[in-house]
Amino acid sequence: MEFQYSYEIDPQFYETDGLDLGLPLRMHLDPYKEINGALRAQDDWSKNVRPVYSYKGGLGYPFSFIRVTVPECLPERLEIISYANEFAFLYDGG
């Protein structure tokens, strides 16, 4: 399989606790679409439901949820997937 939208993370930079089964960790190349989607969901939630304070949700450094779980997502779909995921986290109680 040819990877177009992601790169492999060197295994020395994360701990698997033996749960990786030898599978490589890949991360999407574009962090900005994920960040935009997550922050837009938080902003919409703050406006329409209740304020969101010091909440990161799926965003993290150096690894964030959507970029590592859907590494080969089409770039034009990454932001909306991030928005939907973040909304689900907020709905579930953060």
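Attention in this report is confined to the structure presented alongside it. (Residues numbered from 1 in each chain as written. Predicted model: local features only at pLDDT ≥ 70, side-chain atom pairs only at ≥ 80, totals over all residues. Heavy atoms only, no water.)

### A closer look at the overall build of the protein
When you go through the protein residue by residue, the secondary structure sums to three helices and two strands. Seen in sequence order, the protein has helices and strands lined up from the N terminus as β-β-α-α-α. Each principal axis of the C-alpha distribution contributes one length, and for the protein these read about 45 × 30 × 15 Å. Of the roughly 6600 Å² of accessible surface on the protein, a fraction of 57% belongs to carbon and sulfur atoms. Taking the 8 positively charged and 15 negatively charged side chains of the protein as two groups, their mean positions are separated by 8 Å. (Helix = DSSP H or I, 4+ residues; strand = E, 2+ residues; numbered from the N terminus. Areas by Shrake-Rupley, 256 points an atom, 1.4 Å probe, with all protein chains shown as cover. Lys, Arg positive; Asp, Glu negative; His and termini not counted. Charge placed at Lys NZ, Arg CZ, Asp CG, Glu CD.)

### Examining the pattern of salt bridges
Using the criterion set out here, one finds four salt bridges in the structure. Residues Arg 26 and Glu 8 are paired through a salt bridge, measuring 3.9 Å at the closest nitrogen-oxygen approach. Residue Arg 26 is found in strand E2 (residues 26-28), and its partner Glu 8 is found in strand E1 (residues 6-8); the two are separated by 18 residues along the sequence. You can call Glu 8 partly exposed: its relative accessible area is 47%. (Salt bridge = Lys/Arg side-chain N within 4 Å of Asp/Glu carboxyl O. Buried < 20%, exposed > 50% of the residue type's maximum accessible area, 1.4 Å probe, protein only.)

### A closer look at the environment of Glu 34
As for its placement among the helices and strands, Glu 34 is situated in helix H1 (residues 31-48). Given the relative accessible area of 2%, Glu 34 is considered buried. Residues Glu 34 and Glu 79, 45 residues apart in the sequence, show an inter-C-alpha distance of 5.1 Å. If we ignore the near neighbours within four places in the chain, the residues touching Glu 34 are Gly 58, Leu 59, Ser 64, Phe 65, Ile 66, Arg 67, Leu 78 and Ser 82. (Contact = heavy atoms within 4.5 Å.)

### Notes on the packing of aromatic side chains
Applying the stated criterion to the full structure yields three aromatic pairs. A centroid spacing of 6.2 Å and a plane angle of 85° characterise the contact between Tyr 14 and Phe 63, whose relative ring orientation is edge-to-face. Residue Tyr 14 is located in the loop between E1 and E2, and its partner Phe 63 is located in the loop between H1 and helix H2 (65-69); the two are separated by 49 residues in the primary sequence. The ring of Phe 3 has Arg 26 lying over it, and the distance from NZ or CZ to the ring centre is 3.7 Å. (Phe/Tyr/Trp six-rings, centres within 6.5 Å; stacked < 30°, edge-to-face > 60°. Lys NZ or Arg CZ within 6 Å of the ring centre and 35° of its normal.)

### Here we look at a nonpolar patch on the surface
A cluster of nonpolar side chains, Tyr 32, Ile 35 and Leu 39, forms an exposed patch at the surface whose accessible area comes to about 310 Å². Here Leu 39 shows up in helix H1. Look at Leu 39 and you get partly exposed, because its relative accessible area is 45%. (Patch = residues over 30% accessible without salt bridge, like charges linked within 9 Å, V, L, I, M, F, W, Y side chains within 5 Å.)

### Some thoughts on helix H3 (residues 75-91)
For an α-helix, the turn length of 3.6 residues means that residues three or four places apart are oriented alike. With 17 residues, H3 extends 25 Å from end C-alpha to end C-alpha; this agrees with the ideal 24 Å at 1.5 Å per step. Tucked inside the fold, the buried residues of H3 contact E2, H1 and H2. Phi for Gly 93, located one or two positions after H3, is positive at around 105°. (Expected span 1.5 Å × (residues − 1).)

### Here we look at the side chain of Ser 6
In this fold, Ser 6 is placed in strand E1. Residue classification places Ser 6 among the buried positions, given a relative accessible area of 8%. At a separation of 2.6 Å, a polar atom in the side chain of Ser 6 contacts the side chain of Glu 72. (Polar contact = N/O pair within 3.5 Å; in protein donor to acceptor, adjacent residues only side chain to side chain.)

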